[in-house]
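Residue-level listing of the chains:
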Amino acid sequence: MRVDLLFVSQCLLWLMLVAFCAEAHQQQDLSAYRLQHFTDENGLPQNSVKAVMQDKNGFYWLATEGGVVRFDGQKFITFDRSNLPISSNRIRGFVPALPGRNANPAYEFYGLTEDNKYIGILSNGLVTSDTAFYRKYQQTDPFAGKNIRHNSMLGSVPEQYPNYPMDEHYFAISDSQTFYIWKQNTISCYKNGKLSYKSTGSYKDFFLIGTHPYAIDSEGNIIKITPRPTRNVQYPNGDIIYNKQYSKVKADFKLYWNNVAKCAFLYLNNCFYTLEESGNGQLTTKLILKDYDFADLDIVAAHYNRSTGALLLGSVTKGLFLIKNKNFQTLQLVSKDADNAYYAQKPAGIHSVITGQGYQLGLNAAGSKVIASRVSTFMEDFGYKFAITMNPDSSFWFGIDYDLFRLDKTGKKVLMRFKLKDRSRAFFIDKKHRLWIGSEQDALYKMEESGGRQHVKFVVRAPFGGVSIIGQGVADTLLIGGTKGVFKFSVQTGAVQKLSKLNNMNIRSFYTTADGTWITTYGNGIFLLKDNKLIHFPLDRDRFLLTAHCITEDAKGFFWINTNRGLFQAAKQQLLDYARDSKNLVYYLYYDRSQGFATNEFNGGCQPCSVKLANGIVSLPSMEGLVWFTPDKIMAELPDRAIFVSSTNLDGKEIQVKDTLRIPRDFEQLRLQVSTPYLGHAKNIQMHYSLSGENRDAKWFPVNADLIITIPKMSYGNYKLVVRKANGFKTNDYNYKTILLNIPPAWYETWWFRSVLALIVLALFLLVVRWRTGYLVKKERKDNMMRHYRVISQIVAAVNHDIQTPLHYIGYSLRHINAYLHKQENGNPLITRMSDESLNTSERIGTLTKNLLDYIKIQNKSSSSRTQMGNVDAREMVSGICNLFSAIAGFKGVIVKNEVEPGFEVWSDLNLLSIVIHNLLDNALKISASEIIISSNIIAGKKQIVIEDSGSGMPEDLRKWLNKSYRSYEEWLKISLYPEQKGIGLVIVKDLCVLLRIDIFASINSKNHTTVRLMFGQEKR
């Protein structure tokens, strides 16, 4: 037992040592690559990745023993028994979709389970089970039997299961018309279902590159399959021939082949190559990975994206590896006492730079090895590394405070020394090669030459707040930055102008182009000064650009902006478009230390803030070395793929993903997981969404870092959810995804219910209004009756006391005077006549007053006591009224004729009827020209009293009002509460006619004279 324990302990120790060595070796070998390793600890369902394939959308699909897995570059989504009708999660690999008439365009390729179920990869980024696949496959492959076999379709290489072509056949699809059958020693080509040719040989592997067939023979050689009977051996050229173990005599390489993508790779001596056909039909190779032990990592599957350079490797035991080349390189001086926090630097030839510490760093001519050394003991001992200003001859100015030195291009020899009058920090050589010196005492100096010697000359003093940076402005101007802001200095005129909008900003750099001056700040972001207008550019989502150090422009029109938290790439044209219209998109592509930096913290506040070498390399200072890269060689990895909805969760339950979702009205929360295929940094995915509909305006909100959109409970209606994603550096270039949401109303929210409810409310409202109106009318009538009664009583009392009594006295006096005048034989006829007229007028006024009092009195009586009906002698009544108007008629020259037949009687109230006749005759006298005729007749059994005048005719609207009939006196009273102004006489006439039930009718005859008829009903006996 002791021996067994000791043996076990030794084995465990040996395994740990091997694992440690393998890990250390792996990290060392991959220093030139970006590596991401995914296992069941960070997304995979388990660690067996047997196949890798990319679909047309850009998603990567993995065949694992835990299901089919979709990888978008950021997250994994597993499709297994929990969401598919399959009995096993173990996926053997992928097989291509069928060609020709049996193809189903909805599927791109298939995952094959261990129990021979086919999981179709759909064009929308999702999957489903396809039970019809094998039946259609049997119709395509004439050699397929009725039993489903795992190896009937040719699998990827290396094979999971050994191929036995001597026992069974293998089927491989070339294109929609062509497929191949590998059986025993023969590879047969079929076109449109018919045998085209055969090739015989000792083959141990068969594969396709694109549509062209190849095989590996028993000696390890690559054989091109053609209709010719000769053996066509292919010796690949390209990068593989530089591999030390490559030999045409003995092929030791290992083939990797993706059976769906139909792409091949060769692995030799820990190096991995693509295998492709060149233009002349020969095979060529390209090295994409070196110093990587596939055997140690159990690599069995590979997929290479040529556009992005991303290589995905599947391990049967260790998960998934994502490998990319690093775009950036960090240069450091390897020494224990080296200061690798860099700031100012200058070019030293085309392959290296000299830093403020006096170090020379660069690459060898091949660019594969870092060369670093101490070259200037003077600079290193001086201990200032923030300002280096280079002359055209590559010599440079260096110093701080009162010391200024000119060094040769190597930094080893001091050419000039100056003691300055002021403490200085900023040095700058303008486009005319003049040296400018900024002091902490608000002074600007420049270097001049006279008599063959150089000296420092004072230029101007201004309230700069201490000059910390000097830059080139437009034309012949300088930009000066200090603690009190930014100033423009005209070299020609010496004028100093302060830019007030940049007050209290820590300026990092100036970069002047034909479009204006670009300004970076420490804490306020990026600006463009153009035509005295200052444009402030938007920040990135994490606000890293607040601390922007420097702008470096490349030959392709991109700006590279280094910050305290990484590096950004931006399109210059896009920034200019934003300066023109702030609604335009600005997209920043983010790079971090995974791209090859030793740290994300770049340095600034130095001059120069970056250096561009003659060979196109850009050198940026950081806290841990110089970051070198060639912008022209970097292919920006942009998130320009489509947007997909990966899952839809309603109140914690997964529902089917659709472009139109019908959501129950009582839901609490809807969650949509959106995604886009992108292998780059997650910060570069910029998505926003808007939800519009039902009086909601479309407003854009950022999608969170997890790409989950949460929609809370909403009222019923139709809504439109739009998700948009910035695609990159083109102005306003977006991808959109639209999802329609339909939330049905509850029964009490439907239109028919609301219509019925509205009708009920309207009916109730009308009933209430009617009841309230009736109540108010009754109340008002009661109040009006009280007021009416009181007023009438007062009027009656006033008329009786103040009018009628004096009228009686006046009439009494006039009768005696008139009688006296008529007794005089020699009296004056004129006076007598005037006395007659006065007496007549007095009697007429008395009658009118009596009639008015009688009318007023009846208003206070009940309906039954208002009238005293009886037979009225119409002629006698009319005669009395005519006598009252005889004097005024004679005065106006109007003849009043009483043609009422003698004995003509009507059934009415004598007093009230006389008031009616009196008022009608009075109105007729006012407008008549020559005569008034009052007559009587009987028409259709109805008695009539007719009054006809010779006036110009009654107006039509007055006739219509007068002729209108009413069913009762109460109806007339309701309508006549607020009558139109018709004259008090006619109102009394109409009122009494309605009361006495006399139909009054006014008309115009052929002579345009007015005729008013009073028509009486049947007499009551």
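Every value quoted in this text rests on a predicted model; they were computed, and no experiment measured them. (Residues numbered from 1 in each chain as written. Predicted model: local features only at pLDDT ≥ 70, side-chain atom pairs only at ≥ 80, totals over all residues. Heavy atoms only, no water.)

Caption draft 1: Local environment of the state of the cysteines. Counted according to the given criterion, the structure contains one disulfide. Paired through a disulfide, cysteine 550 and cysteine 609 show a sulfur-sulfur distance of 2.0 Å. Between cysteine 550 and cysteine 609 the disulfide shows an S-S torsion of about 50 degrees. By sign, it is right-handed. Of this pair, cysteine 550 sits in strand β45 (residues 548-553) while cysteine 609 sits in the loop between β48 (588-591) and β49 (611-612), and the two are 59 residues apart along the sequence. Just so you know, cysteine 606 is unpaired, no disulfide at all, and the nearest cysteine sulfur is the one on cysteine 609, 6.4 Å from it. Given the relative accessible area of 3%, cysteine 606 is considered buried. (Disulfide = S-S within 2.5 Å. Helix = DSSP H or I, 4+ residues; strand = E, 2+ residues; numbered from the N terminus. Buried < 20%, exposed > 50% of the residue type's maximum accessible area, 1.4 Å probe, protein only.)

Caption draft 2: Representation of the sheet that holds strand β43 (residues 526-530). Pairing within the open sheet is antiparallel, and its four strands lie in the order β41-β42-β43-β44. With one partner strand each, in any of the chains shown, β41 (507-513) and β44 (533-536) form the two edges of the open sheet. Within the sheet, the average angular offset between the axes of one strand and its neighbour, ignoring direction, is 20 degrees. In terms of strand pairing, β43 meets β44 through four bridges, oriented antiparallel. Note that in β44 the partner of phenylalanine 527 across the bridge is histidine 536. (Pairing = 2+ DSSP bridges. Axes fitted to C-alpha atoms, helices over the stretch in contact; angles between N-to-C directions.)

Caption draft 3: Quick peek at the pairing of strand β4 (residues 67-71). With respect to burial, β4 is a largely interior element, five of its five residues being buried. The pairing of strand β3 (residues 60-64) with β4 spans five bridges and is antiparallel. Looking at β4, one finds that leucine 62 is bridged to valine 69. Relative to strand β5 (residues 76-79), β4 runs antiparallel, the two sharing four bridges. Residue pairing in the sheet places valine 68 in a bridge with phenylalanine 79 of β5. Turn length for the β4-β5 hairpin, with the two strands adjacent in sequence and antiparallel, is four residues, and the turn residue glycine 73 shows positive phi of about 105 degrees.

Caption draft 4: Summary view of the environment of serine 619. Structurally, serine 619 can be placed in strand β50 (residues 618-622). Residues serine 619 and glycine 362 lie 257 residues apart in sequence; the distance between their C-alpha atoms is 9.8 Å. Here the side chain of serine 619 touches tryptophan 628 through a polar contact of 2.8 Å, side chain to side chain. (Polar contact = N/O pair within 3.5 Å; in protein donor to acceptor, adjacent residues only side chain to side chain.)

Caption draft 5: Structural view of the sheet that holds strand β30 (residues 370-374). The four strands lie next to each other as β27-β28-β29-β30, forming an open sheet whose pairing is antiparallel. Whereas interior strands pair on both sides, the edge strands pair on one side only; in this sheet they are β27 (345-347) and β30. With direction set aside, neighbouring strand axes in the sheet form an average angle of 20 degrees. Relative to strand β28 (residues 352-355), β27 runs antiparallel, the two being bridged by three bridges. Residue pairing across strands places glutamine 345 opposite threonine 355, the latter belonging to β28.

Caption draft 6: Layout of the packing of helix α8 (residues 874-892) against helix α9 (residues 910-927). Here α8 crosses α9 at 20 degrees, and the two axes come no closer than 10 Å. In terms of orientation, α8 and α9 fall into the roughly parallel class. Between α8 and α9 lies a crossing whose hand is right-handed. The residues of α9 that touch α8, namely those facing Met877, Ile881, Cys882, Leu884, Phe885, Ile888, Ala889 and Lys892, are Leu910, Leu913, Ser914, Ile917, His918, Leu921, Asp922, Leu925 and Lys926. Residues of the contact of α8 with α9, tallied by class, amount to twelve nonpolar, two polar and three charged. (Parallel < 35°, antiparallel > 145°, perpendicular 65-115°, else oblique. Left-handed = near helix turned anticlockwise from the far one by under 90°. Contact = heavy atoms within 4.5 Å. Nonpolar A, V, L, I, M, F, W, Y, C, P; charged D, E, K, R; others polar.)

Caption draft 7: The arrangement of the pattern of salt bridges in detail. Scanning the entire structure with this criterion turns up 29 salt bridges. Linking aspartate 217 and arginine 231 is a salt bridge whose minimum nitrogen-to-oxygen distance equals 2.3 Å. Here aspartate 217 is found in strand β15 (residues 212-217), whereas its partner arginine 231 is found in the loop between β16 (222-224) and β17 (233-234), with 14 residues between them in sequence. With a relative accessible area of 5%, aspartate 217 lands in the buried category. Residue aspartate 339 pairs with lysine 385 through a salt bridge whose shortest N-O separation is 2.5 Å. Here aspartate 339 is found in the loop between β26 (329-331) and β27, whereas its partner lysine 385 is found in the loop between α4 (377-382) and β31 (388-390), with 46 residues between them in sequence. We classify aspartate 339 as partly exposed; its relative accessible area is 28%. Salt bridges here are not isolated pairs; linked through shared partners, they connect Lys50, Glu65, Arg90 and Glu114. (Salt bridge = Lys/Arg side-chain N within 4 Å of Asp/Glu carboxyl O.)

Caption draft 8: Region of interest: the environment of isoleucine 91. With respect to the helices and strands, the residue isoleucine 91 is situated in strand β6 (residues 91-96). In sequence terms isoleucine 91 and alanine 63 are 28 residues apart; their C-alpha atoms lie 5.4 Å from each other.

Caption draft 9: Helix α2 (residues 133-140), seen in detail. Along α2, the residues that are buried comprise Phe133, Tyr134, Tyr137 and Thr140. Looking straight down α2, one finds its buried side chains confined to an arc of 110 degrees; they lie on one side. The secondary structure elements touched by the buried residues of α2 are β6, β7 (107-113), β8 (118-122), β10 (170-173) and β11 (178-183). (Arc of directions from axis to C-beta.)

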